[in-house]
Number of protein chains: 2
Amino acid sequence: MSLSYRLHHHPLDPASRRVRLAMAEKKIPFEAIVEKPWDPRPAFLQLSPDGDVPVLVIEGAQDSFVLASSNAICEYFEETSEAPSLLGSDAATHAEVRRLVHWFEVKMYLQCTALILGEKAYKRLEGRGEPDSHILRAGHHNIHGHLEYITWLTEQRNWLAGDAITLADLAAAAQLSCIDYVNDVPWDRHVQAKEWYARIKSRPCFRSLLGDHVAGLMPPKSYADLDF
Amino acid sequence: MSLSYRLHHHPLDPASRRVRLAMAEKKIPFEAIVEKPWDPRPAFLQLSPDGDVPVLVIEGAQDSFVLASSNAICEYFEETSEAPSLLGSDAATHAEVRRLVHWFEVKMYLQCTALILGEKAYKRLEGRGEPDSHILRAGHHNIHGHLEYITWLTEQRNWLAGDAITLADLAAAAQLSCIDYVNDVPWDRHVQAKEWYARIKSRPCFRSLLGDHVAGLMPPKSYADLDF
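Along each chain, residue indices are assigned from 1 in the same order as the chain's sequence is written. All chains are assigned letters beginning with A, and all ligands numbers beginning with 1, in the order in which they are written. Restriction of local features to residues with pLDDT of at least 70 applies here, the model being predicted, together with a cutoff of 80 or more for giving and counting side-chain atom pairs; totals for whole chains, interfaces and linings are based on all residues. Note that the side-chain values use all heavy atoms of the structure and ignore hydrogens as well as water.

Visitor: I tried to follow the pairing of strand 2 (residues 31–34) of chain B on my own but got confused; where do I start?
Guide: Two faces belong to every sheet, and in a regular strand the side chains alternate between them. All names here are of chain B. At least two DSSP bridges between two strands are needed for those strands to be called paired. By definition, any uninterrupted DSSP run of H or I lasting at least four residues is a helix, any uninterrupted run of E lasting at least two residues is a strand, and each is numbered from the N terminus. By the bridge criterion, four bridges tie strand 1 (residues 4–9) to strand 2 in an arrangement that is parallel. By the bridge assignment, histidine 8 is partnered in strand 2 with isoleucine 33. In this fold, the crossover linking strand 1 to strand 2 by way of helix 1 (residues 14–25) has right-handed handedness. Handedness of a crossover is defined as follows: orient the strands so they point away from the viewer, and if the path from the first strand over the helix to the second runs clockwise, the crossover is right-handed.

Printed below as a string of structure tokens:
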């Protein structure tokens, strides 16, 4: 049975980035369609009533169905793809991966990515005025704890959740790559976290992210540089 | 192999409630320990560096390990328990369940539960002053959309994600039961959502939640009433 995949996403949405990384890591080809969640097309609202991304449309010969939310999409491929697992090898590791995915995709997102990207990227894209320096400062303050946590994890383990790369690494890298797009990751103060990021940034799954260009908001040169 | 389970939770934390419902639905006995995430005990910080709940400690004859975050804990029992699945019967249903879990546990939480409970419960418990009426009003406004969504889902399906009860129902009921504890669910305006809630409220898995009493914050009589 031949299936085709169409991913509706936004380049600066970290949950969308996690899905793009996971599908690329599993070598599942897909068509990518950029949506503006803040100004959704009527046709996209048919798929996603609130305009949320990511949404994946899976089309078979006779039928199609729609998956939404990064967890639903990533776990779907864990269940259905024969590519190496991104959840680790046993139930305890799966739990550790899911704990870390929640940590980065919910906690770090709310404490850092939503604040920094909200002020420096979404506000500009949505025409909502100038960045609020207080909000930005909170995001910049909070990011150190998350980079220290990545440092601590990589002192215990090869990758964030254990010996192999997992969805936990992809979730953390998805957040950081969005913040890196606006040049706000203090890499120089977190050398070991930077080494982990350099390892994941040089993987083939990362290539499409490094080619992202959002109109009206160019990334710094270091964003796509593997020797940053 | 005999394992024992110790769940660290807070009665008014909806993610903790989802875990309690899921473990009770699967008939897995556990010891429940109430934590104050805003003022964590040093011993609890050893398990959960930020004081976050829920945390589950699994103790075997020779070893113990720690699971954190509601997704990690609920999915762990999907993988390891022989009780009927709370994820549905096939990969597409699993994805729909996980989409809805995210919808209720992240989106509804941030738009409703965190606002209403934050102002009416956590502020009082933490001694942080009086409720902010603007924040409360936003939570009260947003809850209608979520109750309408539950109504719409139950018009298509027996339970929120399909024919059988799943983690999606438990996630939605966990949010609503917290808001119901402070008497702020407008049931009268959402009769069909109320019927769905009455069905889940009368299940044995709900009994422990209906017995919750937080010191200094009594629930209304209707909270534990099955004929509310």
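The discussion continues.
Visitor: How do you make sense of the interface of chain B and chain A when you look at a structure like this?
Guide: Put simply, an interface is often sized by how much accessible area is lost when its parts join up. Whether two residues are in contact is decided by their heavy atoms, any of which lying within 4.5 Å being enough. Facing 23 residues of chain B, the contacting portion of chain A comprises 23 residues. Of the roughly 2000 Å² buried between chain B and chain A on both sides combined, carbon and sulfur atoms contribute 62%. Salt bridge, as used here: a side-chain nitrogen of Lys or Arg that lies within 4 Å of a carboxyl oxygen of Asp or Glu. In this structure, the salt-bridge partner of arginine 98 of chain A is glutamate 75 of chain B, at a minimum N-O distance of 3.9 Å. Within 3.5 Å is the distance limit for a polar contact, defined as a pair of N or O atoms, with the added protein rule that one can donate a hydrogen and the other accept it, and that residues adjacent in sequence qualify only through two side-chain atoms. Counting every contact that joins chain B to chain A gives eight residue pairs in polar contact (both at pLDDT 80 or more). Elements represented by at least two residues in the side of chain B that touches chain A include exactly strand 4 (64–68), helix 3 (70–80) and helix 4 (91–125) of chain B. When two parts are brought into contact, each loses some accessible area as probed by a 1.4 Å sphere; the total of that loss over both is the buried area.

Visitor: What am I meant to see in the packing of aromatic side chains here?
Guide: The geometry of an aromatic ring pair is captured by the separation of the ring centres together with the interplanar angle, meaning the angle of the planes. Any Phe, Tyr or Trp ring, taking Trp's six-membered ring, that has another such ring centre within 6.5 Å forms a pair; planes under 30 degrees apart are called stacked, those over 60 apart edge-to-face, and the others tilted. If you walk through the whole model with that rule in mind, you get 22 aromatic pairs over all chains. Pairing tyrosine 197 of chain A with phenylalanine 228 of chain A gives two aromatic rings, centres 5.9 Å apart and planes at 90 degrees, and the pair type is edge-to-face. Taken together, the residues tyrosine 197 of chain A in helix 7 (residues 191–201) and phenylalanine 228 of chain A in the segment after helix 8 (207–210) connect sequence positions 31 residues apart. Exposure is judged per residue with a 1.4 Å probe applied to protein chains only, and the accessible area is read against the type maximum: over 50% gives exposed, under 20% gives buried, and values in between give partly exposed. The exposure class of tyrosine 197 of chain A is buried, given its relative accessible area of 0%. Seen in terms of ring centroids, tyrosine 5 of chain B and phenylalanine 77 of chain B are 5.4 Å apart; in terms of plane orientation they differ by 65 degrees. Their pairing is edge-to-face. Here tyrosine 5 of chain B, found in strand 1, pairs with phenylalanine 77 of chain B, found in helix 3; they are 72 residues apart in sequence, far enough to count as distant.

Visitor: Even after reading the chapter, I still don't get helix 1 of chain B, so can you show me in this structure?
Guide: Residues spaced three or four apart along an α-helix face the same direction, because each turn holds 3.6 residues. Residue and element names in this part refer to chain B. End to end, helix 1 covers 16 Å across 12 residues, agreeing with the expected 16 Å (1.5 Å per residue, within 8%). The buried count for helix 1 comes to 11 of 12 residues, which makes it a mostly enclosed element. Looking at helix 1, one finds that the buried residues are Pro14, Ala15, Ser16, Arg17, Arg18, Val19, Arg20, Leu21, Ala22, Met23 and Glu25. Residues of helix 1 that are buried sit in contact with strand 1, strand 3 (55–59), helix 3, helix 4, helix 6 (167–181) and helix 8 (207–210). Positive phi appears at lysine 27, one or two residues downstream of helix 1, with a value of about 60 degrees. Helices are assigned an expected span. That span is 1.5 Å times one less than the residue count.

Visitor: Looking at this model, I keep getting lost on the relation of the copies chain B and chain A. Mind explaining?
Guide: Note that the two copies of the chain are related through a rotation about an axis and a translation along the same axis. Expressed as a screw transformation, the operator carrying chain B onto chain A has a rotation angle of 180 degrees and an axial translation of 0.0 Å, and the superposed copies differ by an RMSD of 0.0 Å. The two molecules are tied by a two-fold rotation axis, judged by turn and shift. It is valine 106 of chain B whose C-alpha, among those of chain B, lies nearest the rotation axis, at 4.0 Å. Comparing interface residues between copies, 100% of those in chain B also sit at the interface in chain A, which points to an isologous, same-surface contact. Superposition of the copies was done by least squares, using only C-alpha atoms of residues whose pLDDT is at least 70 in both.

Visitor: Please explain the nonpolar core as it appears in this structure.
Guide: Taken as a class, soluble globular proteins show a tendency for nonpolar side chains to be buried jointly. Note on terminology: a nonpolar core comprises buried Ala, Val, Leu, Ile, Met, Phe, Trp, Tyr and Cys residues joined through side-chain atoms within 4.5 Å. Formed by 66 residues in total, the largest nonpolar core has its most connected members in Phe104, Leu176 and Trp196 of chain B. When residues no more than four places from it in sequence are discounted, the contact partners of leucine 176 of chain B are Met108, Ile143, Leu147, Ile150, Val185, Trp187, Trp196 and Tyr197 of chain B.

Visitor: Would you mind showing me how to read the sheet that holds strand 4 of chain B here?
Guide: Backbone-to-backbone hydrogen bonds join strands into a sheet, with any given pair of strands oriented parallel or antiparallel. Residues and elements named next belong to chain B. Pairing is mixed across the open sheet formed by four strands, whose spatial order is 2-1-3-4. The open sheet terminates on both sides in strands that have one partner only, identified here as strand 2 and strand 4. Geometrically, the sheet is characterised by an average inter-axis angle of 20 degrees between neighbouring strands, direction not taken into account. With five bridges connecting them, strand 1 and strand 3 associate as antiparallel partners. Across the sheet, residue arginine 6 finds its bridge partner in strand 3, namely valine 57. Lines fitted to the C-alpha atoms define the axes, with helices restricted to the stretch that makes contact. Angles between their N-to-C directions range from 0 to 180 degrees. On the sheet, helix 1 packs against strand 1 and strand 3 and is oriented at approximately 155 degrees with respect to strand 1.

Visitor: Sorry, what's going on with the pattern of salt bridges here?
Guide: As enumerated under the stated definition, the model contains 36 salt bridges over all chains in all. Between lysine 107 of chain B and aspartate 52 of chain A there is a salt bridge whose closest N-O contact spans 2.5 Å. Here the residue lysine 107 of chain B occupies a position in helix 4, and aspartate 52 of chain A occupies one in the loop between helix 2 (42–47) and strand 3 (55–59), the pair thus bridging two chains. On the basis of relative accessible area, aspartate 52 of chain A is assigned to the partly exposed category, the value being 31%. Taken together, the salt bridges that share partners define one network made up of Glu75, Glu79 and Arg98 of chain A together with Glu75, Glu79 and Arg98 of chain B.

Visitor: What is the right way to look at the sheet that holds strand 1 (residues 4–9) of chain A in this model?
Guide: Residues and elements named next belong to chain A. The strand order 2-1-3-4 describes an open sheet built from four strands, whose pairing is mixed. One side of each edge strand has no neighbouring strand; the edge strands of this open sheet are strand 2 (31–34) and strand 4 (64–68). Strand-to-strand twist of the sheet, defined as the mean angle between neighbouring strand axes without regard to direction, takes the value 20 degrees. Where helix 1 (residues 14–25) meets the sheet, its contacts fall on strand 1 and strand 3, and the angle it forms with strand 1 comes to roughly 155 degrees.

Visitor: How should the pairing of strand 3 of chain A be read in this particular structure?
Guide: Residues and elements named next belong to chain A. With four of its five residues buried, strand 3 lies for the most part within the structure. Bridge analysis of strand 3 against strand 4 gives five bridges, and the strand direction is antiparallel. Considered in strand 4, the bridge of valine 57 is made with valine 66. Connecting strand 3 to the antiparallel partner strand 4 that follows it, the hairpin turn spans four residues.

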